[in-house]
Amino acid sequence: MFHIAIDGPGGAGKSTIAKAVAKKLDILYVDTGALYRTVGLFVKQNGVDPKDSEGVGALLPKLSIEVKYENGAQVVYLNGVNYGDAIRTPEMSMYASAVSAIPSVREFLLEAQKEIARHNSVIMDGRDIGTVILPDADVKIFLTASPECRAQRRYKELCERGQSVRYEDVLAEMNSRDNADSSREIAPTKAADDAVLLDNSDLTLEESVAAVIAIAKEKVGGEIRE
Ligand code: DC
């Protein structure tokens, strides 16, 4: 069993790359951002301000989050319902970022993340995987790219999902979210001391996937088979 942690800011391609690596190595891909997005959705459904830590904390006992794998893909159930792409809107990005700065929310999601890794080889992406969730991960990568490059990718992804957005708004929203995620007190976006930094501004998706697999092979060796 081995664990690959990928952290970094939004739009660096963490999820697309991690998904492709998981497929090649036949391991689980764990998208931890989806968990914070799901908490954000529940907070919105209940009309609570996502920055109100007491209000959000009071909702947690009414919230059950289950992570399942269906046809190899991660599906998150919020009180028994899979809301699919409803957690992927720019509004939910902001909700997720706001609730993720609340200590009781991070505590609430901690065990579910650790539990998946306890029983499986995984590639897990997020902001604090190498630092907090899997501090003993065999491979830690901090993936980043220039802000313009990341905004362009996010813009393209949202357009492909049929959402009507402007590039300028995506860039501004991404910068503000990255600032919030990396300056918060608890579990800020940060490279672990032993993480390998990978800037993929000039890499294609295939090249990024190959780079991650090369780093993993170097760290883990024979256990990694494509
Ligand atoms: O990776 P993402 O864009 O789906 O994440 C949404 C938000 O969730 C992000 O702005 C910060 C938060 N998050 C976090 O704090 N820790 C994680 N491990 C993953 C996401």
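Summarised in this report is the structure supplied together with it.

**Examining the layout of surface pockets**
One way to see where empty space is left: roll a probe the size of a water molecule over the atoms. Size it by volume and the second largest pocket reaches roughly 210 Å³. Every residue lining the second largest pocket is counted, 14 residues in all, and those nearest its centre are Lys51, Met94, Ser97, Ala98 and Ala180. Going through the elements one at a time, α4 (90-100) and α8 (167-183) are the ones with two or more residues in the lining of the second largest pocket. For the lining of the second largest pocket, the per-class residue count stands at seven nonpolar, two polar and five charged.

**Quick look at the packing of aromatic side chains**
Using the criterion set out here, one finds one aromatic pair in the structure. Plain terms: the ring middles of Tyr155 and Tyr167 are 6.1 Å apart, the flat faces sit at 90 degrees to each other, and that makes the pair edge-to-face. In this pair, Tyr155 is assigned in helix α7 (residues 147-160) and Tyr167 in helix α8, connecting sequence segments 12 residues apart. The partly exposed category is assigned to Tyr155, whose relative accessible area is 25%. Sitting above the plane of the Tyr77 ring, Lys68 keeps its charged end 4.7 Å from the centroid.

**A word on unusual backbone geometry**
Backbone geometry at Asp26 places phi at a positive 55 degrees, although glycine is not the residue there. With respect to the element layout, Asp26 can be found in the loop between α1 (14-25) and β2 (28-31). A relative accessible area of 70% means that Asp26 is categorised as exposed.

**A look at the site of the ligand**
The local shell around the ligand holds 15 residues, among which Arg37, Arg106, Arg177, Asp181 and Arg184 are the closest. One of the side-chain N or O atoms of Thr32 is found 3.0 Å from a nitrogen atom in the ligand. One nitrogen or oxygen atom from the side chain of Asp128 is found 3.0 Å from a nitrogen atom belonging to the ligand. Looking at side-chain class alone, the shell around the ligand contains three nonpolar, five polar and seven charged residues.

**Looking at the sheet that holds strand β7 (residues 139-144)**
One open sheet accounts for five strands, arranged β2-β6-β1-β7-β8; its pairing is parallel. Here the strands that pair on one side only, and so sit at the sheet edges, are β2 and β8 (196-199). Strand-to-strand, the axes of this sheet are offset by a mean angle of 20 degrees, without reference to chain direction. Sheet topology places β2 next to strand β6 (residues 122-126); four bridges connect them, and they run parallel. Looking at the pairing, Leu28 lines up with Val122 of β6. Against the sheet, α1 engages β1 (3-7), β2, β6 and β7, with an angle of about 175 degrees to β6. Running over the sheet, helix α9 (residues 205-220) touches β1, β6, β7 and β8 and is turned about 155 degrees from β7.

Calculation rules
Residues numbered from 1 in each chain as written. Predicted model: local features only at pLDDT ≥ 70, side-chain atom pairs only at ≥ 80, totals over all residues. Heavy atoms only, no water. 1 Å grid on protein atoms, 1.4 Å probe; cavity = no way out; pocket = protein on both sides within 12 Å on 5 of 7 lines; lining within 4 Å. Points joined across faces, edges and corners; volume = space filled by probe spheres on them. Helix = DSSP H or I, 4+ residues; strand = E, 2+ residues; numbered from the N terminus. Nonpolar A, V, L, I, M, F, W, Y, C, P; charged D, E, K, R; others polar. Phe/Tyr/Trp six-rings, centres within 6.5 Å; stacked < 30°, edge-to-face > 60°. Buried < 20%, exposed > 50% of the residue type's maximum accessible area, 1.4 Å probe, protein only. Lys NZ or Arg CZ within 6 Å of the ring centre and 35° of its normal. Near = heavy atom within 4 Å. Polar contact = N/O pair within 3.5 Å; in protein donor to acceptor, adjacent residues only side chain to side chain. Pairing = 2+ DSSP bridges. Axes fitted to C-alpha atoms, helices over the stretch in contact; angles between N-to-C directions. Contact = heavy atoms within 4.5 Å.

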